[in-house]
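# Residue-level structure breakdown
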Amino acid sequence: MNRQYSPLEICNHILTLDESIRFVGRIKDKKVVAFARNTTKAPLLDSELGNMAHYWASIKAGVEEMFDGPLGKTNWMITAKERVKLVTLFLDDGLLIFSLEVDSDHDGIIKQIQGLNISL
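Below, the structure is looked at part by part. (Residues numbered from 1 in each chain as written. Predicted model: local features only at pLDDT ≥ 70, side-chain atom pairs only at ≥ 80, totals over all residues. Heavy atoms only, no water.)

With the rule as written, the count across this model stands at one aromatic pair. Ring geometry for Phe23 versus Phe35: centroids 5.9 Å apart, planes at 25 degrees, classification stacked. With Phe23 in strand 1 (residues 21-28) and Phe35 in strand 2 (residues 31-37), this pair connects stretches of sequence that are 12 residues apart. Taking the relative accessible area as the measure of exposure, Phe35 reaches 43% and is therefore partly exposed. (Phe/Tyr/Trp six-rings, centres within 6.5 Å; stacked < 30°, edge-to-face > 60°. Helix = DSSP H or I, 4+ residues; strand = E, 2+ residues; numbered from the N terminus. Buried < 20%, exposed > 50% of the residue type's maximum accessible area, 1.4 Å probe, protein only.)

Shown next, in the form of structure tokens:
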């Protein structure tokens, strides 16, 4: 029998995949159900802006899904800022959001996460 992992356990595990991962969050029904931060990196947003960023990721994902019919399902999207990369992975039951250092290998990290043998 496979063990069921909590969203927090999954977020914490993803943080260990690469030192450039700053933050990982799990969103279901447009609400953050779990998150983990890399404690070696100073947060770039205060808690209010952080909450707004999570909400905005949900809004952008909803808009993106409007194009799924003609273009196919969205797998992931990225926003590259001057100080951070913001990545959203589309899952069957919500989103996985994470932030990365700007010089990170986002493609490699995304493939690692997608290759995890756990239910995200």
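Before going further, it helps to spend a moment on the side chain of Ser99. Secondary-structure assignment places Ser99 in strand 5 (residues 94-100). Ignoring sequence-local partners within four residues, the contact set of Ser99 consists of Ser20, Ile21, Arg22, Phe23, Val84, Lys85 and Leu86. (Contact = heavy atoms within 4.5 Å.)

We now examine the environment of Ala61. Tracing the sequence through the fold places Ala61 in helix 2 (residues 47-65). On the basis of relative accessibility, which here comes to 3%, the residue Ala61 falls in the buried class. With sequence-adjacent residues up to four places away left out, Ala61 is seen in contact with Met77, Phe90 and Leu95.

What follows deals with the nonpolar core. Soluble globular proteins tend to pack their nonpolar side chains together in the buried interior. Formed by 18 residues in total, the largest nonpolar core has its most connected members in Ile14, Ile21, Val24, Leu96, Phe98 and Ile113. Every element with two or more residues in this core is listed here: helix 1 (7-15), strand 1, strand 2, strand 4 (85-91), strand 5 and helix 4 (106-114). Ranked by residue count, the leading element in this core is helix 1, at four residues. Here Leu96 is in contact with Ile14, Val24, Gly25, Arg26, Val87, Thr88, Leu89, Leu91 and Ile113, once residues within four sequence places are set aside. With eight residues, the next largest nonpolar core counts Phe23, Ile27, Ala61 and Leu95 among its residues. (Core = buried A, V, L, I, M, F, W, Y, C linked by side-chain atoms within 4.5 Å.)

As a further point, take the sheet that holds strand 4. Strand order in the open sheet formed by five strands is 2-1-5-4-3, with antiparallel pairing between adjacent strands. The sheet terminates laterally at strand 2 and strand 3 (76-80), the two strands that pair on one side only. Direction aside, the axes of adjacent strands within the sheet are offset by 15 degrees on average. Pairing of strand 1 with strand 5 involves six bridges; the strand directions are antiparallel. Bridging from a neighbouring strand, Ile21 pairs with Leu100 of strand 5. Running at roughly 145 degrees to strand 5, helix 4 makes contact with strand 1, strand 3, strand 4 and strand 5 of the sheet. (Pairing = 2+ DSSP bridges. Axes fitted to C-alpha atoms, helices over the stretch in contact; angles between N-to-C directions.)

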